[in-house]
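What follows is the residue order along each chain.
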Amino acid sequence: MSHTAIARQVEDLASSAAVQAVLPTAGRILISLIFVLSGLNKLAAPAMTIGYIGSVGLPFPTLAYGTALIVEIIGGLALALGYQTRLVAAVLAVFSVATAVSFHNDLADLNQFIHFFKNIAMAGGLLNVIALGGGKLSIDGWRR
C-alpha cells in the first residue's frame, strides 16, 4: 500500500464522527492528568512545596502554594470534564509558561531544560484546546 493510500485512510479515520467525539476528550484527559497529579503531590507535601516556592524567590510562597493547588487540581479536573474548557485551558497555558520561567529556567541543567520545554509543550497543547474547544463529550458540549 502506498504512503498516499495510507495517509488517505488515516485522514478518513480521523474525520469520522466517533473519532471526532473521542479524540478531544482523550486529549483533555491526558493533558489534565499532569496538573491533577502535580496538585495532589503538592497537597501531600505542603511544607516542602512552600519551601521550594520560596527558594526560587517568589513572593508570598504560601499564597502561591494555594493558588497552584487551585489552578492544578480544580483547573485539571475542569479541563478533564470539559467545563469552561477554553477559559480553563487558557489559565493552565499561562500557568505552564509561568512555571517554566519561574522554576525551570536553568537551561544549562538538562533536567531543568527538559522540564522547561515540557511545560512549553503543554502550553502548546492547551492552545489547541483553546482553539478547538472541549468537543462533543464535554460539559460544554452537552450544554449547547
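Coordinates for the structure precede this section.
Since the structure is predicted, the reported quantities are computational estimates derived from the model, not experimental observations. (Residues numbered from 1 in each chain as written. Predicted model: local features only at pLDDT ≥ 70, side-chain atom pairs only at ≥ 80, totals over all residues. Heavy atoms only, no water.)

Participant: Would you take a moment to explain the overall build of the protein chain for this structure?
Facilitator: When helices and strands are counted, the protein chain shows seven helices and zero strands. When the helices and strands of the protein chain are read in sequence order from the N terminus, they spell out α-α-α-α-α-α-α. Referenced to the eigenvectors of the C-alpha coordinate spread, the extents of the protein chain come out at roughly 55 × 40 × 25 Å. Considering the protein chain as a whole, with its 144 residues, one finds that 31% of them fall into the buried category. When the accessible area of the protein chain is evaluated, it comes to approximately 8,700 Å², of which 73% is carbon and sulfur surface. The centroid of the 8 positive side-chain charges in the protein chain is displaced by 12 Å from the centroid of its 6 negative side-chain charges. (Helix = DSSP H or I, 4+ residues; strand = E, 2+ residues; numbered from the N terminus. Buried < 20%, exposed > 50% of the residue type's maximum accessible area, 1.4 Å probe, protein only. Areas by Shrake-Rupley, 256 points an atom, 1.4 Å probe, with all protein chains shown as cover. Lys, Arg positive; Asp, Glu negative; His and termini not counted. Charge placed at Lys NZ, Arg CZ, Asp CG, Glu CD.)

Participant: What is the right way to read the packing of aromatic side chains from this model?
Facilitator: Here the distance between the centres and the angle between the planes together describe a pair of aromatic rings. All told, the structure shown has three aromatic pairs when counted by the stated rule. Each residue in the set Phe113, Phe116 and Phe117 is aromatic and connected to the rest through ring pairs, giving one cluster. (Phe/Tyr/Trp six-rings, centres within 6.5 Å; stacked < 30°, edge-to-face > 60°.)

Participant: I'm lost on the environment of Gly76 in this one. Help?
Facilitator: Within the secondary structure, Gly76 is located in helix H4 (residues 61-81). Counting along the chain gives 16 residues from Gly76 to Leu92, while the straight-line C-alpha distance between them is 8.1 Å. Discounting residues that sit within four places of it in the chain, Gly76 has contacts with Ser32, Phe35, Val36, Val71 and Leu92. (Contact = heavy atoms within 4.5 Å.)

Participant: Quick question: what am I supposed to make of the packing of helix H2 (residues 17-44) against helix H6 (residues 110-132) here?
Facilitator: Running from N to C, H2 and H6 cross one another at 135°; their axes reach a closest spacing of 10 Å. One element, H2, and the other, H6, form an angle in the oblique class. Where H2 crosses over H6, the handedness of that crossing is left-handed. Contacts from Ile31, Ile34 and Phe35 in H2 reach Lys118, Met122, Gly125, Leu126 and Val129 in H6. Grouping the constituent residues of the contact of H2 with H6 by class yields six nonpolar, one polar and one charged. (Axes fitted to C-alpha atoms, helices over the stretch in contact; angles between N-to-C directions. Parallel < 35°, antiparallel > 145°, perpendicular 65-115°, else oblique. Left-handed = near helix turned anticlockwise from the far one by under 90°. Nonpolar A, V, L, I, M, F, W, Y, C, P; charged D, E, K, R; others polar.)

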